[in-house]
Amino acid sequence: MFEGLRMFMTALGDFMSLRVIFDVLWSTQLGIIVGMLPGLTATMGVALMTTLTFQLPTNNAVLILMCMYIGAIYGGSRSAILLNIPGTPANAATAVDGHPIARQGRAGSAIGIATTGSFLGSIIGMFMLALFTPIIGNFALRFQSYEFFWLAIFGIVISGNLTAPKDPLKGWIAGFLGLFVAMIGMEGIHAYVRFAFGSVELSAGIDLIPAMVGAFGFAEILMIMKYPVVEVIDTKIDHVIPRPMEILRYWKSIIRSGVVGTFIGAVPGVGEDIAAWVSYDLAKRSSKNPEMFGKGSTEGLLAAETGNNSAVAGAMIPVLSLAIPGSAPAAVLLAAMFIHGVRPGPLIMIEAPQFVFHVVAMVFMATIAMFVLGLSLVKFIVKILQVPRSKLMPIIFVLCVIGAYAIHSRIFEIGVMVAFGIIGYLMREMDYPVAPMILGIILGDILDKNLRRALVVGDGNILPFFARPISLVLFLFVLFTLVSRTRWFRSAMGRIGSGIRSLFGRKRNGES
Amino acid sequence: MNERQMQRADFITSIVLIAFGVSVLVLSIQMPRLENKNINPYTVPGIVPGFLGAIITLLALILFVRALRQRGFQLGITRQAVSNIVKNEMIIRLFLTLALCLVYALLLVGWLPYIPATLIFVFIFVMIFEYQWGVPLFKQARTVLMGIVEATLVSVIVAVVFEYVFLVKLP
């Protein structure tokens, strides 16, 4: 505990230079702007920023990406409140109560409440990041190939399940397609080139960053340009800084949203959007005034914003401890760490424990910057929302092209970006979530190596996949996730539930 | 997309995905077993892609059966439906954006030097979506001028930043 605190203070000390503080301020502000503009998502911002920072020293680059991530997830609340259009998918729940508050003429208060909620959520997430990363990392040291195989499958299945709640089948298809994409190119055991069809470029595999820039950048440009221009409302901003009592009244809701948001963020491939909705839903269920939700409830707005920002830190827990991203932007951060030569995973607490606390310090600095910038310069920054999309989108596409090209200086990567942009667009149109596919691209290599390794170790025996305790638990999780979405399982559960209820009902009647 | 269109789209995508899954499976089975290298037979390169191909086929089959039940095979392609799509403003905007981006990314970059390629792309993009045909040019001089200024600034700034700050050799 004290060791962790000491390392955190040392890490914070490492960052105390004017240059670093300047980096934190501009990147967080840029993150807020990126998040605020509908269509520019956190994932796209972090992916483009990775291409701009790959020449910087590791800690500075990851710090800038972290600031971009936290700033963007918070920034999306601005357009959710002012325009009723969530700036990033993570802020959809924010719009439900944030916009009604703005329409009551209290746009400034809504921004203030959202900022405070995001700040508190991020701080709760940060504590849990510092607490759980070492614990999970140490636990994962017991993982062998069998467990990593199930972890990869579990990641795909749970991510597909939660990112496509209406139709999980499409989520799973997206995830397995992502795993397939990772199979393209030279494999890691015998250096055999798969699915390259003689192309030298393809034999190096599909790089994650151009794929993400395409799937989250180019696809979004197509989506946005498709719709005719929406009217920009010029809302008056009243006082922004919230009254402490207005926030503290809901301390239970804040802590619950923060903890729930962090846990959901930590589930592989399930990001801030789901965290915000679940926090919002839980707050509504346990609120004293649930009827106010959707009509401008401060509690609802706080819960949504606390939930999504705590998920940011939550998403970093599996990145650091298992090398499995908790959300789409965290997937880019993971890729960026690999580019910079950091190897996250179970060994990180042995090889580079300091790095974990550097990340905690980064979250802390980004959170403070977000809070300060979020409460200042509001009127000026909101003006950026008035820039027409026809002027903004070509610039974004120019950045997508040069960003995809810059990391390896290969024209081929531009083609990859364009291809994934079109695939990403089609997926969105047909309700296939993109996040499981991206998770698949990362998990593919883990799956490939560990399945084969496990088969070699067991000499073809598949029993250990189900007989080892942790394996068995992961397998049961996968099975439960798959089965729980089938119709017969739900009707059976419904019948059991009503049976139990009627049993208790009868007892109670009998007693009375 | 409405529910009906989604059912049709699911029907078509499920067939594409089944074909894809089966081809992955077949290609994986055909992959060399590297016996001459005396490798452990459980590490042959085709084993994991084959497993994935099988799962994709299975999931796509479920989607196919579901689309069949929802009568997604009634595609409803009529002359009227096609002409409605062609005239739809959103579809036109989509294809214009797509065409502009593809020409820039796949043709202009690499064929022209980076700055002129980007300048042309940004200017034409802004003009296509902002210039109003039928309104005389002198009334829209500001729009055109702003387009030129934006295109010049973007292309020069991006080029300078990447070339001299990030030391990337531009395409």
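Residues numbered from 1 in each chain as written. Chains lettered and ligands numbered in written order. Predicted model: local features only at pLDDT ≥ 70, side-chain atom pairs only at ≥ 80, totals over all residues. Heavy atoms only, no water.

Draft legend 1. Looking closely at the overall build of chain B. When helices and strands are counted, chain B shows six helices and zero strands. From first element to last, N terminus to C terminus, chain B shows the α and β order α-α-α-α-α-α. Taking 16 Å as the expected radius of gyration for a compact globule of 171 residues, we find that chain B reaches 25 Å, considerably beyond that expectation. Projecting the C-alpha coordinates of chain B onto the three principal axes gives extents of approximately 70 × 50 × 20 Å. Classification of the 171 residues of chain B by burial places 39% in the buried group. For chain B, the share of sequence-separated contacts (at least 6 apart) that also reach a separation of at least 24 residues comes to 63%. Distance from the positive charge centre (13 side chains) to the negative charge centre (7 side chains) of chain B: 10 Å. (Helix = DSSP H or I, 4+ residues; strand = E, 2+ residues; numbered from the N terminus. Rg over C-alpha atoms; globule rule 2.2 N^0.38 Å. Buried < 20%, exposed > 50% of the residue type's maximum accessible area, 1.4 Å probe, protein only. Contact = heavy atoms within 4.5 Å. Lys, Arg positive; Asp, Glu negative; His and termini not counted. Charge placed at Lys NZ, Arg CZ, Asp CG, Glu CD.)

Draft legend 2. Main features of the overall build of chain A. On a plain count of helices and strands, chain A comes out with 23 helices and two strands. Since a compact globule built from 512 residues should have a radius of gyration of about 24 Å, the 23 Å found for chain A is in line with a globular shape. Considered along the principal axes of its C-alpha atoms, chain A spans approximately 75 × 70 × 55 Å. For chain A, the proportion of its 512 residues judged to be buried stands at 62%. Considering only intrachain contacts with a sequence separation of at least 6, the fraction spanning at least 24 residues in chain A is 79%. Both charge centroids of chain A, one from 38 positive and one from 28 negative side chains, sit 8 Å from each other.

Draft legend 3. Geometry of the nonpolar core. Counting residues in each nonpolar core, the largest one holds 211 residues, and the members touching the most others are Tyr69 and Phe397 of chain A together with Tyr104 of chain B. Among the elements that line this core, the one with the most residues is helix H4 (residues 58-83) of chain A, at 15 residues. When residues no more than four places from it in sequence are discounted, the contact partners of Tyr69 of chain A are Ala42, Val46, Glu272, Val312, Ala315, Ser327, Pro329, Ala330 and Leu333 of chain A. One finds Ala93, Ala276, Tyr280 and Ala303 of chain A within the second-largest nonpolar core, a separate group that totals seven residues. (Core = buried A, V, L, I, M, F, W, Y, C linked by side-chain atoms within 4.5 Å.)

Draft legend 4. Structural context of the interface of chain A and chain B. Counting residues at the interface gives 61 residues for chain A, matched by 62 residues for chain B. Summing both sides of the interface, chain A and chain B together bury roughly 5500 Å²; the carbon and sulfur share of this comes to 79%. Inspection of the chain A/chain B interface yields three salt bridges. We note a salt bridge from Lys391 of chain A to Glu130 of chain B, for which the minimum N-O separation is 2.9 Å. For the pair chain A and chain B, the interface holds ten residue pairs in polar contact (both at pLDDT 80 or more). (Buried area = accessible area lost by both parts, 1.4 Å probe. Salt bridge = Lys/Arg side-chain N within 4 Å of Asp/Glu carboxyl O. Polar contact = N/O pair within 3.5 Å; in protein donor to acceptor, adjacent residues only side chain to side chain.)

Draft legend 5. Summary view of the confidence of the model for chain B. Residue and element names in this part refer to chain B. On average, chain B scores 89 in pLDDT, and the residues at 70 or more come to 100%. At the low end of the mean pLDDT range in chain B sits helix H3 (residues 79-87), at 78; at the high end sits helix H2 (residues 47-69), at 95. Overall fold confidence (pTM) sits at 0.88, and the ipTM for the predicted complex is 0.93. (pLDDT = per-residue confidence, 0-100.)

Draft legend 6. Highlighting the pattern of salt bridges. Scanning the model with the defined rule gives 18 salt bridges over all chains in all. One salt-bridge network, held together by shared partners, links Asp167 and Lys170 of chain A together with Asp10 and Arg66 of chain B.

Draft legend 7. Quick look at empty space enclosed by the protein. Residues and elements named next belong to chain A. Inspection of the entire model under this criterion finds two cavities of 30 Å³ or more. In this structure, the second largest cavity encloses a volume near 30 Å³. Around the second largest cavity, the lining residues are Gly269, Pro325, Ser327, Ala328, Ala331, Ala435, Ile438 and Leu439. Of all the secondary-structure elements, those providing two or more residues to the lining of the second largest cavity are helix H14 (328-339) and helix H20 (435-457). In terms of residues, the lining of the second largest cavity owes the most to one element, H20, which gives three residues. Counted by class, the lining of the second largest cavity contains six nonpolar, two polar and no charged residues. (1 Å grid on protein atoms, 1.4 Å probe; cavity = no way out; pocket = protein on both sides within 12 Å on 5 of 7 lines; lining within 4 Å. Points joined across faces, edges and corners; volume = space filled by probe spheres on them. Nonpolar A, V, L, I, M, F, W, Y, C, P; charged D, E, K, R; others polar.)

Draft legend 8. Local environment of unusual backbone geometry. All names here are of chain A. One non-glycine residue, Phe197, lies in positive phi territory at about 50°. The class of Phe197 is exposed, set by a relative accessible area of 66%. Positive phi, normally seen in glycine, also occurs at Ser409, with a value near 50°. Looking at the secondary structure, you find Ser409 in the loop between helix H18 (389-406) and helix H19 (411-429). A relative accessible area of 37% places Ser409 in the partly exposed class.

Draft legend 9. Geometry of the side chain of Ser27 of chain A. Take Ser27 of chain A: it is sitting in helix H2 (residues 18-36). Among the polar contacts made by the side chain of Ser27 of chain A, one reaches the main-chain carbonyl oxygen of Asp23 of chain A at a distance of 2.6 Å.

Draft legend 10. Expanded view of the environment of Lys169 of chain B. Assignment of secondary structure puts Lys169 of chain B in the segment after helix H6 (141-165). For the pair Lys169 of chain B and Ala159 of chain B, spaced ten residues apart in sequence, the C-alpha separation works out to 9.6 Å.

Draft legend 11. How the structure looks around H14 of chain A. Residue and element names in this part refer to chain A. For H14, which comprises twelve residues, the first-to-last C-alpha distance of 17 Å matches the rise-based estimate of 16 Å (1.5 Å per residue) to within 8%. Among the twelve residues in H14, ten count as buried, and that is most of the element. All buried positions along H14 are accounted for by Ala328, Pro329, Ala330, Ala331, Val332, Leu333, Leu334, Ala335, Ala336 and Met337. Where H14 ends, the next residue or the one after it, Gly341, has phi of about 85°, a positive value. (Expected span 1.5 Å × (residues − 1).)

Draft legend 12. Representation of the environment of Phe2 of chain A in the model. Inspection of the secondary structure puts Phe2 of chain A in helix H1 (residues 2-14). Sequence separation between Phe2 of chain A and Leu301 of chain A is 299 residues, and the spatial gap between their C-alpha atoms is 35 Å.

Draft legend 13. Structural detail: the packing of helix H6 (residues 145-163) of chain A against H20 of chain A. Residue and element names in this part refer to chain A. Their axes nearest at 7 Å, the elements H6 and H20 cross at an angle of 155°. Considered as vectors, H6 and H20 are oriented roughly antiparallel to each other. The interaxial crossing formed by H6 with H20 has left-handed handedness. Judged by residue contacts, Ser145, Tyr146, Phe148, Phe149, Ala152, Ile153, Gly155, Ile156, Ser159, Gly160 and Thr163 of H6 engage Ala435, Pro436, Leu439, Gly440, Leu443, Ile446, Leu447, Asn450, Leu451, Arg453, Ala454 and Val457 from H20. Counted by class, the contact of H6 with H20 contains 15 nonpolar, seven polar and one charged residues. (Axes fitted to C-alpha atoms, helices over the stretch in contact; angles between N-to-C directions. Parallel < 35°, antiparallel > 145°, perpendicular 65-115°, else oblique. Left-handed = near helix turned anticlockwise from the far one by under 90°.)

Draft legend 14. The arrangement of a nonpolar patch on the surface in detail. All names here are of chain A. A cluster of nonpolar residues, Ile462, Phe466, Leu472, Leu476 and Leu479, forms a patch on the protein surface that exposes about 410 Å² of accessible area. The leading source of residues in the nonpolar patch is helix H22 (residues 469-483), at three residues. Tracing the backbone through its elements, the reader meets Phe466 in helix H21 (residues 464-467). Using a relative accessible area of 32% as the deciding quantity, one classes Phe466 as partly exposed. (Patch = residues over 30% accessible without salt bridge, like charges linked within 9 Å, V, L, I, M, F, W, Y side chains within 5 Å. Areas by Shrake-Rupley, 256 points an atom, 1.4 Å probe, with all protein chains shown as cover.)

Draft legend 15. Up close: the environment of Arg8 of chain B. All names here are of chain B. Residue placement: Arg8 occurs in helix H1 (residues 3-30). A relative accessible area of 23% means that Arg8 is categorised as partly exposed. With residues up to four places along the chain from it excluded, the contact list for Arg8 reads Gly72, Gln74, Leu75 and Gly76.

Draft legend 16. Seen up close, H6 of chain B. Taking 1.5 Å of rise per residue, the 25 residues of H6 of chain B would be expected to cover 36 Å, and the 35 Å separating its terminal C-alpha atoms lies within 8% of that figure. Buried residues in H6 of chain B make contact with helix H3 (42-53) and H18 of chain A together with helix H5 (114-130) of chain B. Following H6 of chain B by one or two positions, Leu167 of chain B adopts a phi angle in the positive range, close to 50°.

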